[in-house]
Amino acid sequence: MTDGVTTAGPLAGIKILEVGHILAGPYATMLLADLGAEVTKIEPPTGDLSRQVSDAYFASLNRGKRSICLDLTTEGDRRRLGELATDSHALLVNLKPSAIRKYGLDYASLRQFNDRIVCVALTGYGLDAGDEPAFDYVVQALTGVASLTGDPDGPPTLPGYSAADNSTGMTAALGLLAQIVSGRGGQVDVSLRDVMLSQLNYRASAYLNEGTEPKRMANGAHSYYVPAQLFPTADGHLALFVTHDGFWKKFADQAGIDGFDTMAERAQRRDEVLAVVTAALATDTAPNWEARLRPLGVPAAAVRTLPEALAETPGAVVRAGDHRLIGSPIRIAGFDPDYGPPPMLGEHGSG
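Quick caveat: nothing in here was measured; it's all calculated off a predicted structure.

Here is what the cut-offs are and how they apply
- Residue positions are given per chain, counted from 1 along the sequence in the order it is written.
- Totals for whole chains, interfaces and linings use all residues, but because this is a predicted model, local features are given only for residues with pLDDT of at least 70 and pairs of side-chain atoms are given and counted only at 80 or more.
- To get the side-chain values, all heavy atoms of the structure are used, and hydrogens and water are removed first.
- The secondary structure listing takes helices from DSSP runs of H or I that are at least 4 residues long and strands from runs of E that are at least 2 residues long, numbered from the N terminus.
- Residue burial is assigned from relative accessible area. The probe radius is 1.4 Å, only protein chains are included, and a residue is buried under 20% of its type maximum, exposed over 50%, and partly exposed in between.
- Between two residues, a contact is recorded if the distance between any of their heavy atoms is within 4.5 Å.
- The method behind every accessible area is Shrake-Rupley, applied with a 1.4 Å probe, and residues are considered shielded solely by the protein chains displayed.
- All tallies of charge rest on Lys and Arg as positive and Asp and Glu as negative; His and the ends of each chain are not included.
- Lysine's charge is taken at NZ, arginine's at CZ, aspartate's at CG and glutamate's at CD.
- By this definition, two strands are paired if DSSP reports at least two bridges between them.
- Lines fitted to C-alpha atoms define the axes, with helix axes restricted to the stretch in contact, and inter-axis angles between N-to-C directions lie between 0 and 180 degrees.
- Should an angle fall under 35 degrees it is called roughly parallel, over 145 degrees roughly antiparallel, and 65 to 115 degrees roughly perpendicular, with every other angle called oblique.
- Should the near helix be turned anticlockwise from the far one by less than a right angle, the crossing is termed left-handed; should it be turned clockwise, right-handed.
- Residue polarity is assigned by list, with Asp, Glu, Lys and Arg as charged and Ala, Val, Leu, Ile, Met, Phe, Trp, Tyr, Cys and Pro as nonpolar; anything else, Gly included, falls into the polar class.
- Counted as salt bridges are all cases of a side-chain nitrogen of Lys or Arg within 4 Å of a carboxyl oxygen of Asp or Glu.
- Aromatic pairing here means that ring centres of Phe, Tyr or Trp (its six-membered ring) are within 6.5 Å. Orientation follows from the plane angle: under 30 degrees is stacked, over 60 is edge-to-face, and everything else is tilted.
- Nonpolar core, defined: a set of buried Ala, Val, Leu, Ile, Met, Phe, Trp, Tyr and Cys residues in which side-chain atoms within 4.5 Å join the residues together.

What about the overall build of the protein chain?
The number of helices and strands found in the protein chain is 14 helices and eleven strands. Each principal axis of the C-alpha atoms in the protein chain carries an extent, and together these give about 75 × 50 × 35 Å. Within the protein chain, buried positions represent 44% of all 351 residues. Sequence separation of at least 24 residues holds for 68% of the intrachain contacts in the protein chain that already meet a minimum separation of 6. When the accessible surface of the protein chain is summed, it comes to about 17,700 Å², and 54% of that surface belongs to carbon and sulfur atoms. With 30 positive and 41 negative side-chain charges, the protein chain shows a spacing of 3 Å between the two charge centroids.

Structure, rendered in structure tokens:
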């Protein structure tokens with residue numbers, strides 16, 4: 001709430017249907033529901049598979065939605081889906097391409113009911129690319145993301161959260177809104193593979209245009225900026241991200257380091273810079289370095305656990321029914337999202 005004024009969500013009046021399971025698609029539509037859209041989950045009689053994981057897991061992706069049970073293997077419930085499509089702005093589906101077409105969940109099938117509906121297919125490799133398995137970790141492996149994660153002397157690794165699914169969900173939500181804004185119905189095609197390749201933007205550009213093959217670097221070091229990585233300290237690890245000479249001067253003054261005044265010199269003498277920075281940071285703890293550097297405007301943070309991060313940002317936590325969850329990352333002046341509870345299976349009807 002801003003200045004005591006509350007407005008309707010920017011997507012108020014927008015009706016979105018969702019067919020899918022687990023994470024990427026439900027995350028996309030939850031972001032839209034947070035902004036005021038009316039989102040209706042079309043679930044099979046057995047429910048979204050994420051209901052089988054845990055109530056907390058399901059709630060984290062489905063707050064504020066409606067739930068209607070339809071068995072899309074039957075002609076009658078597919079007809080019911082068509083009826084729902086007549087006054088909906090969009091349908092977002094994350095299923096295999098063959099299932100999307102089999103159950104009539106694409107624009108070619110639904111335009112007979114509503115030629116302005118936007119149909120978003122969220123798949124592993126694209127709507128026309130087949131049904132090969134494409135879960136988050138698999139896509140991180142096949143796009144090169146895993147090969148860039150971890151220390152050079154260790155195995156490739158994965159981040160501790162579903163980076164591909166979450167990123168693709170956000171991208172699908174963007175594509176859906178873009179086509180609605182165009183005023184035209186049509187098919188939107190978003191895949192996990194394409195999104196993760198897109199997120200390797202500057203890495204891919206360096207290889208495609210300069211022949212620079214990316215490689216893993218110790219402590220997550222940035223390929224261009226020096227020093228920009230994790231460093232051990234007297235207690236804990238510190239993320240330090242020096243992107244220009246002004247930051248370096250402030251850090252070097254605080255750390256008692258002389259020389260290496262330009263980015264070009266620091267990049268050329270990377271090993272020397274890292275050695276002196278590591279030695280300097282070893283003289284104090286990560287929290288103390290953060291407290292010393294951040295007031296100077298130097299990007300630095302002690303590595304925290306998730307519980308520690310949540311304790312420091314209580315405003316990020318919201319209540320949706322019986323669940324405490326992370327709220328929408330989109331803050332709009334004058335608008336407070338109404339975080340409704342996750343729906344019970346078939347709470348709002350069935351075929």
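Here's the deal with the sheet that holds strand β4 (residues 90–94)
Spatial ordering of the open sheet is given by β3-β2-β1-β4-β5-β6, a layout of six strands whose pairing is parallel. Every interior strand has two partners, whereas the edge strands, β3 (66–69) and β6 (186–191), have only one. Averaged over all pairs of adjacent strands, the angle between their axes in this sheet comes to 20°, without regard to strand direction. Pairing analysis gives five bridges linking strand β1 (residues 15–20) to β4, with the strands arranged parallel. Along β4, the bridge assignment pairs I16 with A90. Contacting β1, β2 (38–43), β4 and β5 (118–123), helix α1 (residues 24–34) crosses the sheet at an angle of about 150° to β4. Of the strands in this sheet, β1, β4, β5 and β6 touch helix α7 (residues 163–182), which is tilted by about 160° from β5.

A closer look at the packing of helix α10 (residues 245–255) against helix α12 (residues 270–281)
At a minimum axis separation of 10 Å, α10 and α12 run at an interaxial angle of 50°. By the criterion of interaxial angle, the relationship of α10 to α12 is oblique. Where α10 crosses over α12, the handedness of that crossing is left-handed. Judged by residue contacts, W248, F251 and A255 of α10 engage V273, V277, A280 and L281 from α12. Tallied by class, the residues present in the contact of α10 with α12 amount to seven nonpolar, no polar and no charged.

With respect to the environment of P287
Looking at where P287 falls in the secondary structure, it is placed in helix α13 (residues 286–293). The spacing of P287 and L238 is 49 residues in sequence and 8.0 Å in space, taken between C-alpha atoms. Setting aside its immediate chain neighbours within four residues, P287 contacts D235 and A302.

With respect to the pattern of salt bridges
Summed over all chains, the structure comprises 17 salt bridges. Two residues, D87 and K15, come together in a salt bridge whose shortest N-O distance is 3.4 Å. Of this pair, D87 sits in the loop between α3 (75–85) and β4 while K15 sits in strand β1; the two residues are 72 residues apart in sequence, bridging distant segments of the chain. Classification of D87 as partly exposed rests on a relative accessible area of 45%. Between E43 and R51 there is a salt bridge; the shortest N-O distance is 2.8 Å. Within this structure, E18, K41, D48 and K65 form a network of salt bridges that share partners.

Considering the packing of aromatic side chains
With the rule as written, the count across this model stands at five aromatic pairs. Between the aromatic rings of W248 and F260, the centroid separation amounts to 6.5 Å while the plane-to-plane angle is 85°, which identifies the pairing as edge-to-face. Here the residue W248 occupies a position in helix α10, and F260 occupies one in the loop between α10 and α11 (263–268), the gap between them amounting to twelve residues. Of the two residues, W248 and F260, neither departs from the other in class, the shared state being buried.

Digging into the nonpolar core
If you look at the biggest cluster of nonpolar residues, it comprises 31 residues, and the most contacted ones within it are I16, L32, A37, V120 and L176. Counting 23 residues, the second largest nonpolar core, distinct from the first, contains V226, L238, W248 and L281.

Some thoughts on the pairing of strand β11 (residues 323–326)
The pairing of strand β10 (residues 317–320) with β11 spans four bridges and is antiparallel. Following the sheet pairing, V317 is matched in β11 by I326. The loop that links β10 with its antiparallel partner β11 comprises two residues; one of these, G321, has a positive phi angle of about 65°.

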